[in-house]
Amino acid sequence: MSKKRVLSGIQPTHDSFHLGNYLGAIKQWVDLQKEHDAFYCVVDLHALTVETDPKLLEKRTLLSAAQLIAIGVDPKLCTLFIQSHVPAHNQLAWVLECITGFGEAGRMTQFKDKSQKGGADRTNVGLFTYPILQAADILLYQADFVPVGEDQRQHIELTRDLGQRFNTKYKEVFNIPQAQIIKSLAKINDLQDPNSKMSKSAASMAGVIELLDSPEATIKKFKSSVTDAGKEIKYDEKEKPGISNLLTIHSAFSGKSVKEIENEFAGKGYGDFKLQVAEVVVEALNPIRVKTQELMDDQGELIKILKSGAEKANQVAGKTLSDVYTALGLINNG
């Protein structure tokens, strides 16, 4: 029986992934590649919807790929590539735009939220058509499953609608994917604001643990993390959000249950506990940081890996696009 195909992508919008990215999605990509035909891409074209410095985008795209490999995404087990290395993404996106209603695209929640914040005049067309390019990303590879967070469910529904619409109107070309809503391995909150999710859009990076932070920076952030009234190290999300967040992080990296950690620190102070959490995280992240740096020091090898992934991706995407063009009556130039 052939393996089910999964596809997922990540934007290169920052120098480093953070704990939320790692435990929320990427660690699960590593598991999925073992049993699935996995396609993973760094979606650099999507990153263009916000103003980006070209040199920074180039660096961050390579850094994103390097971190994925360092975390355990294995180019021997999956197809790892850069979105812009496969021209069919844009070509299929145009076809899908032509069968998408204007109102349908405008109802996408993320577009509505971002355009309301920025105002219509400051919102680019790319942000409006972003979900349609995302649909092309998925449909090109005939994916069976798309592992995404709950916030992306609406985009997967649009992808399914467009795939079915094309199949009905022209010819059965697309496999219709299912959303695989991934439950985060742990809900990680900001160390300075433990009631809010850890995010790169935080007002301050003091509460965000980045995978590529130095051990010293990581320890400093944990030592200055916000805690709660009282002295007991106990999980209580409502009354003790700071300590609960630290317990969750410790558990996610040490493999110990929250109860075990509570027992271990019974009668001990917050300072000892915060330092222990920091040390557990530093120990887990050090190999990722070191491996990422090794890959960035040998960018020729990294680009070779991505080029090889793009070759495989182009073969699969090219076949889908050819079938789409034939179904539309576009003359095949091959």
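Structure's up top.
Conventions we followed
- Here the residue numbering is sequential within each chain, running from 1 through the sequence in written order.
- Reporting in this predicted model follows two pLDDT cut-offs: at least 70 for local features of residues, and 80 or more for side-chain atom pairs to be given and counted; totals over whole chains, interfaces and linings ignore these cut-offs and use all residues.
- Note that the side-chain values use all heavy atoms of the structure and ignore hydrogens as well as water.
- Helical segments are the DSSP runs of H or I of at least four residues, strand segments are the runs of E of at least two, and each set is numbered from the N terminus.
- Two things to know: the radius of gyration comes from C-alpha atoms, and the globule rule equals 2.2 Å times the number of residues to the power 0.38.
- Using a 1.4 Å probe on the protein chains alone, a residue whose accessible area is under 20% of its type maximum counts as buried, one over 50% counts as exposed, and one in between counts as partly exposed.
- Any two residues whose heavy atoms approach within 4.5 Å are treated as being in contact.
- Note on areas: Shrake-Rupley with a 1.4 Å probe; residue coverage comes only from the protein chains shown.
- For the charge count, each Lys or Arg is scored as positive and each Asp or Glu as negative, with His and the chain ends excluded.
- By convention, the charge on Lys lies at NZ, on Arg at CZ, on Asp at CG and on Glu at CD.
- For cavity detection a 1 Å grid was placed over the protein atoms alone, and a set of points counts as a cavity when a 1.4 Å probe fits there but cannot get out; an open set counts as a pocket when protein lies on both sides within 12 Å along at least five of seven lines, with lining residues being those that have an atom within 4 Å of a point.
- Grid points are joined across faces, edges and corners, and a volume is the space filled by probe spheres set on the points.
- In protein, a polar contact means a hydrogen-donor-capable atom and an acceptor-capable atom, both N or O and within 3.5 Å, with residues adjacent in sequence counting only if both atoms are side-chain atoms; elsewhere, any N or O pair within 3.5 Å suffices.
- Any two of the Phe, Tyr and Trp rings considered here, Trp counted by its six-membered ring, make a pair once their centres fall within 6.5 Å; the pair's planes then place it as stacked at under 30 degrees, edge-to-face at over 60, or tilted in between.
- In this scheme, the term charge over a ring applies when either NZ of a lysine or CZ of an arginine sits within 6 Å of the ring centre and within 35 degrees of the ring normal.
- Between the first and last residue of a helix there are one fewer steps than residues, each counted as 1.5 Å, and that sum is the expected span.
- In this count, Pro and Cys sit with the nonpolar residues alongside Ala, Val, Leu, Ile, Met, Phe, Trp and Tyr, while Asp, Glu, Lys and Arg are called charged and the others, Gly among them, polar.

## A word on the overall build of the chain
At step 1: What the chain contains, in helices and strands, is 12 helices and five strands.
At step 2: Against the 2.2 N^0.38 benchmark of 20 Å for 334 residues, the chain shows a C-alpha radius of gyration of 22 Å, consistent with a compact globule.
At step 3: With the C-alpha coordinates of the chain rotated into their principal frame, the extents come out at 75 × 45 × 45 Å.
At step 4: A total of 334 residues make up the chain; the buried ones form 48% of that total.
At step 5: Look at the contacts in the chain between residues 6 or more apart in sequence, and 76% of them connect residues 24 or more apart.
At step 6: A total accessible area of about 16,600 Å² is found for the chain, and carbon and sulfur atoms account for 51% of it.
At step 7: For the chain, the distance from the average position of its 40 positive side-chain charges to the average position of its 42 negative side-chain charges is 2 Å.

## Things to note about the layout of surface pockets
At step 1: For the second largest pocket, the calculated volume is near 150 Å³.
At step 2: Around the second largest pocket, the lining residues are Gly318, Leu321, Ser322, Tyr325, Thr326, Ile331, Asn332 and Asn333.

## Looking at the side chain of Asn167
At step 1: For Asn167, the location among the structural elements is in helix H7 (residues 153-169).
At step 2: Only 2.8 Å separates the side chain of Asn167 from the backbone oxygen of Phe174, close enough to count as a polar contact.
At step 3: Look past the residues within four positions of Asn167 in its chain and what remains in contact with it is Glu172, Val173, Phe174 and Ile176.

## Considering the packing of aromatic side chains
At step 1: Scanning the model with the defined rule gives eight aromatic pairs in all.
At step 2: Every member of this aromatic cluster is reached through a ring pair, and the members are Phe39, Phe81 and Tyr141.
At step 3: Sitting over the face of the ring of Phe265, Lys268 holds its NZ or CZ atom 5.4 Å from the ring centroid.

## Considering helix H2 (residues 54-71)
At step 1: Over its 18 residues, H2 runs 26 Å from end to end, which matches the ideal 26 Å to within 8%, given 1.5 Å per residue.
At step 2: Judged by how many residues are buried, H2 sits mostly within the fold: 13 of 18 residues are covered.
At step 3: Here H2 starts with a cap whose side-chain oxygen sits 3.2 Å from the backbone nitrogen of Lys55, and that cap is Asp53.
At step 4: Where H2 terminates, the next one or two residues include Gly72, which has phi positive at roughly 130°.

## Structural notes on unusual backbone geometry
At step 1: A positive phi angle, near 55°, is found at Gln142, a position not held by glycine.
At step 2: As for its placement among the helices and strands, Gln142 is situated in the loop between helix H6 (125-139) and strand S4 (145-148).

## A short note on empty space enclosed by the protein
At step 1: Under the counting rule described, the total for this entry stands at one cavity of 30 Å³ or more.
At step 2: Reported here for the largest cavity is a volume of approximately 50 Å³.
At step 3: Taken together, Leu211, Asp213, Ser214, Pro215, Thr218, Val281, Val282, Leu285, Asn286 and Arg289 form the lining of the largest cavity.
At step 4: When contributions to the lining of the largest cavity are tallied by element, the ones reaching two or more residues are helix H8 (215-223) and helix H11 (270-297).
At step 5: The dominant element in the lining of the largest cavity, judged by the number of residues it contributes, is H11, at five residues.
At step 6: Residues of the lining of the largest cavity, tallied by class, amount to five nonpolar, three polar and two charged.

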